[in-house]
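Coordinate analysis (summary)
The primary structure of each chain is shown beneath.
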2 protein chains.
Amino acid sequence: MKNFHPTGNCPVRDVLSRLGDKWSMLVLITLNANGTMRFSDIHKTIEDVSQRMLTVTLRTLESDGLVERKVYAEVPPRVEYCLTDTGGTLIPHIEGLVGWALENMDTILDHRQMNQQH
Amino acid sequence: MKNFHPTGNCPVRDVLSRLGDKWSMLVLITLNANGTMRFSDIHKTIEDVSQRMLTVTLRTLESDGLVERKVYAEVPPRVEYCLTDTGGTLIPHIEGLVGWALENMDTILDHRQMNQQH
DNA sequence: CGGTATCCCTGCGGATACTG
DNA sequence: CAGTATCCGCAGGGATACCG
């Protein structure tokens with residue numbers, strides 16, 4: 001019987017759990033679609049994320065090496081974010097999931113409603 | 001500026017948020033790797049999921065039409081689970097993510113540690 | 001065997017206010 | 001502009017007990 005927790009605490013689960021939070025994937029595909037963006041640009045693009053959670057999400061992605069953060073010593077301050085190479089290699093897989101979701105969400109929503117009527 | 005919330009409450013986010021929970025992807029790839037499985041088999045394969053959460057996860061996947069649940073009128077009862085066709089089409093994308101995680105987790109973990117020393 | 005039913009707790013993430 | 005700091009509510013999920 002095949003399983004998927006090689007060592008007890010599985011690094012794959014660790015990595016994937018990061019992407020499974022509410023905003024990470026959205027931030028990544030937004031950065032991929034628009035290239036380098038300022039903090040405020042990302043915030044405008046993803047309207048319903050709070051400033052706090054956008055900061056937290058970006059910092060986590062940065063510390064994982066998926067996003068690069070560049071601070072310019074200007075007044076007012078300017079901070080730019082872009083994907084790293086590692087972050088870029090993740091994009092196709094996220095796009096794959098998004099594409100699948102787009103293709104199948106009608107089927108899924110229908111099926112879900114059916115069962116709700118029970 | 002490209003964004004990703006077509007209608008305000010985006011079905012893509014809805015669908016993906018389901019897969020982003022703690023156990024769904026794990027259950028799906030386990031079922032894919034082993035074919036039809038009984039409840040207890042899944043539980044043995046994914047050791048650290050509670051009975052409650054395994055039930056909840058399977059029921060959600062069933063109501064979304066990704067997993068099929070078959071109950072046999074026997075004593076003691078037997079319940080078998082397998083992927084549906086729709087569920088099957090999702091597998092390659094999950095495998096893609098898992099593959100990426102396996103390839104890149106060393107880089108990620110290193111990067112993460114560097115930043116923690118700060 | 002394959003579940004429910006309860007209770008409970010952690011921690012994700014929102015709201016708001018303040019700052020270099 | 002791009003953040004911290006603080007507080008707090010809620011839902012995801014664990015532990016335990018019981019059931020057809």
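Residues numbered from 1 in each chain as written. Chains lettered and ligands numbered in written order. Predicted model: local features only at pLDDT ≥ 70, side-chain atom pairs only at ≥ 80, totals over all residues. Heavy atoms only, no water.

**A few points about the UniProt feature "domain: HTH hxlR-type" (unreviewed entry) in chain A**
Applicable threshold: UniProt positions are given in the numbering used here, feature names are shortened, and annotations may be inferred rather than shown by experiment. Under the DSSP-based scheme used, a helix requires at least four consecutive residues in state H or I and a strand at least two consecutive residues in state E, with every element numbered from the N terminus.
In this numbering, the UniProt entry assigns the feature "domain: HTH hxlR-type" (unreviewed entry) to residues 10-109 of chain A. Within the segment residues 10-109 of chain A, helix and strand shares are 65% and 14% respectively, and the terminal C-alpha atoms sit 32 Å apart.

**Topic: the protein's contact with DNA strand C**
Let me state the cut-off plainly: Nearness is defined per residue: one heavy atom within 4 Å of the molecule or strand is enough. Think of a polar contact as two N or O atoms within 3.5 Å of one another; within protein, one of them needs to be a possible hydrogen donor and the other a possible acceptor, and neighboring residues in sequence only count if both atoms come from side chains. Each residue is assigned to one class: nonpolar for Ala, Val, Leu, Ile, Met, Phe, Trp, Tyr, Cys and Pro, charged for Asp, Glu, Lys and Arg, and polar for all the others, Gly among them.
Among the 20 residues in the neighbourhood of DNA strand C, the closest are listed as Arg52 of chain A together with Gln51, Arg59, Arg69 and Tyr81 of chain B. Counted by atom, the contact set of DNA strand C within 4 Å of the protein is 57% sugar and phosphate. Contacts to DNA strand C include Gln51 of chain B, whose side-chain N or O atom sits 2.6 Å from a base nitrogen. A distance of 3.4 Å separates a phosphate oxygen of DNA strand C from a polar atom in the backbone of Val79 of chain B. Of all elements in the fold, only helix H4 (51-63) of chain A together with helix H3 (39-45), helix H4 (51-63) and strand E3 (78-83) of chain B reach the threshold of two or more residues within the surface near DNA strand C. Tallied by class, the residues present in the surface near DNA strand C amount to eight nonpolar, four polar and eight charged.

**A look at helix H2 (residues 24-34) of chain A**
Owing to its 3.6 residues per turn, the α-helix brings residues three or four apart onto one side. Residue and element names in this part refer to chain A. Definition in use: Working definition: with a 1.4 Å probe on protein chains only, accessible area under 20% of the residue-type maximum means buried, over 50% means exposed, and in between means partly exposed.
Most of H2 sits inside the fold, with eight of its eleven residues counted as buried. Within the sequence span of H2, burial applies to Ser24, Met25, Leu26, Val27, Leu28, Ile29, Thr30 and Leu31. Of the residues trailing H2, Gly35 is marked for its positive phi of about 75°.

**Topic: the sheet that holds strand E3 (residues 78-83) of chain A**
All names here are of chain A. As a reminder, the rule being used: Any two strands with at least two DSSP-identified bridges between them are counted as paired. By definition in these notes, contact holds between two residues if any of their heavy atoms fall within 4.5 Å. For helices, the fitted axis covers only the stretch in contact; all axes are lines through C-alpha atoms, and the angles between them, taken along N-to-C directions, range from 0 to 180 degrees.
Across the sheet, which stays open at both edges, the three strands sit in the order E1-E3-E2 with antiparallel pairing between neighbours. The outermost strands of the open sheet, each flanked by one partner alone, are strand E1 (37-38) and strand E2 (67-72). For E1 and E3, the ladder comprises two bridges, and the chain directions are antiparallel. When the bridges of E3 are listed, Arg38 appears paired with Glu80. The strands touched by H2 are E1, E2 and E3; relative to E3, the strand with the most contacts, the crossing angle is about 95°. Sheet strands in contact with H4 are E2 and E3, and its direction is about 110° off that of E2.

**Digging into H4 of chain B**
Residue and element names in this part refer to chain B. Inclusion rule: By this rule, a helix spans an expected 1.5 Å times one less than how many residues it contains.
Here H4 spans 18 Å end to end across 13 residues, near enough to the 18 Å set by a 1.5 Å rise per residue. The complete set of buried residues in H4 reads Leu54, Thr57, Leu58, Leu61 and Ser63. Taken from the residues just after H4, Gly65 is the one with a positive phi, measuring 80°.

**Details of the layout of surface pockets**
Condition: Using a grid of 1 Å spacing that covers the protein atoms alone, one calls a set of points a cavity when a 1.4 Å probe fits there but cannot get out, and a pocket when the set is open and has protein on both sides within 12 Å along at least five of seven lines; lining residues are those with an atom within 4 Å of a point. Grid points are joined across faces, edges and corners, and a volume is the space filled by probe spheres set on the points.
Size it by volume and the largest pocket reaches roughly 840 Å³. Put simply, the parts of the chain that give the lining of the largest pocket at least two residues each are helix H1 (11-19), H2 and helix H5 (85-117) of chain A together with helix H1 (11-19), helix H2 (24-34) and helix H5 (85-117) of chain B. Classifying every residue of the lining of the largest pocket gives 27 nonpolar, five polar and six charged.

**Quick word on the protein's contact with DNA strand D**
Around DNA strand D sit 19 residues, and of these Ser40, Gln51, Arg59, Arg69 and Tyr81 of chain A come closest. When atoms of DNA strand D within 4 Å of the protein are split into backbone and base, the sugar-phosphate part holds 60%. Going through the elements one at a time, helix H3 (39-45), H4 and E3 of chain A together with H4 of chain B are the ones with two or more residues in the surface near DNA strand D. Partitioning the surface near DNA strand D into residue classes produces eight nonpolar, four polar and seven charged.

**Focus on the interface of chain B and chain A**
Under the convention used in this document: Throughout, the accessible surface (probe 1.4 Å) given up by two parts as they are put together, summed over both, is called the buried area. For this document, the term salt bridge refers to a Lys or Arg side-chain nitrogen within 4 Å of an Asp or Glu carboxyl oxygen.
Of the residues lining the interface, 50 residues belong to chain B; the matching set on chain A comes to 50 residues. In total, about 4,400 Å² of surface goes out of reach between chain B and chain A, with carbon and sulfur atoms giving 69% of it. At the surface where chain B touches chain A, the tally comes to six salt bridges. Residue Arg13 of chain B is joined to Asp48 of chain A by a salt bridge in which the shortest nitrogen-to-oxygen separation is 3.0 Å. Across the contact surface, chain B and chain A share twelve residue pairs in polar contact (both at pLDDT 80 or more). Broken down by secondary-structure element, the contributors of at least two residues to the side of chain B that touches chain A are H1, H2, H3, H4 and H5 of chain B. Looking at the side of chain B that touches chain A element by element, the count peaks at 18 residues for H5 of chain B.

**Some points on unusual backbone geometry**
Residue Pro76 of chain A follows Val75 of chain A across a cis peptide bond; omega there is 0°. Among the structural elements, Pro76 of chain A can be located in the loop between E2 and E3.

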